[in-house]
Amino acid sequence: FYQIDPSPDERIDATGAGDAFASAMISKIILECSELKVQGFVPGRDLISEGLKWGIIVSGSVVGEVGANSGLLTLEEIVARAGKLVKLEARVYT
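Basis of the calculations
- Residues numbered from 1 in each chain as written.
- Predicted model: local features only at pLDDT ≥ 70, side-chain atom pairs only at ≥ 80, totals over all residues.
- Heavy atoms only, no water.
- Helix = DSSP H or I, 4+ residues; strand = E, 2+ residues; numbered from the N terminus.
- Rg over C-alpha atoms; globule rule 2.2 N^0.38 Å.
- Buried < 20%, exposed > 50% of the residue type's maximum accessible area, 1.4 Å probe, protein only.
- Contact = heavy atoms within 4.5 Å.
- Expected span 1.5 Å × (residues − 1).
- Salt bridge = Lys/Arg side-chain N within 4 Å of Asp/Glu carboxyl O.

Asks: What's the story with the overall build of the protein in this structure? I'm lost.
Replies: Counting its regular elements, the protein contains three helices and two strands. In the protein, the succession of helices and strands from N to C terminus is β-α-α-α-β. Scaling as 2.2 N^0.38, a compact globule of 94 residues should have a C-alpha radius of gyration of about 12 Å, and the protein matches this with 13 Å. Its C-alpha atoms give the protein principal-axis dimensions of roughly 40 × 25 × 20 Å. By the burial criterion, 32% of the 94 residues in the protein qualify as buried.

Structure, rendered in structure tokens:
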């Protein structure tokens with residue numbers, strides 16, 4: 001099991017937040033997999049943790065806007081925000 005703290009972003013409208021979270025998390029894993037050019041890739045804990053962070057970043061941006069896709073971010077925006085994170089840690093429970 002993994003646990004990650006919620007986004008500190010102001011919540012205005014939660015429409016689309018779950019979709020944004022899931023798509024951002026999976027995007028991180030797919031990008032890593034495509035860079036490795038490996039079939040049958042199984043993501044490790046570090047990659048899952050990074051994917052969770054991407055999910056929190058994008059869903060946090062989405063809840064700060066009205067509508068499901070107003071707060072969606074580009075890849076460059078996600079990477080920039082991830083680099084500015086002071087504390088966003090995923091904890092693993094086995």
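That covers the picture; the talk isn't over yet.
Asks: Teacher, can you tell me more about the environment of Gly67 here?
Replies: Relative to the assigned elements, Gly67 resides in the loop between helix H2 (45–63) and helix H3 (75–84). Between the C-alpha atoms of Gly67 and Gly16, which are 51 residues apart in sequence, the distance is 7.2 Å. In this view, Gly67 contacts Asp13, Thr15 and Val62; residues no more than four positions away in its chain are not counted.

Asks: Where do I start with H2 in this structure?
Replies: Since the α-helix turns once every 3.6 residues, residues separated by three or four places project in the same direction. In a regular helix each residue adds 1.5 Å, so 19 residues correspond to 27 Å; H2 covers 27 Å between its end C-alpha atoms and thus fits that length. Buried residues dominate H2, accounting for 16 of its 19 residues.

Asks: Looking at this structure, how should I read the pattern of salt bridges?
Replies: Pairing of side chains with opposite charge becomes possible as their charged atoms draw close. Taken as a whole and judged by the stated rule, the model has one salt bridge. Salt-bridge contacts for Lys53 lead to Glu50; the nearest nitrogen and oxygen are separated by 3.2 Å. Of this pair, Lys53 and Glu50 are both found in helix H2, three residues apart, which corresponds to roughly one turn of the helix. Judged by relative accessible area, Glu50 falls into the partly exposed class, the value being 31%.

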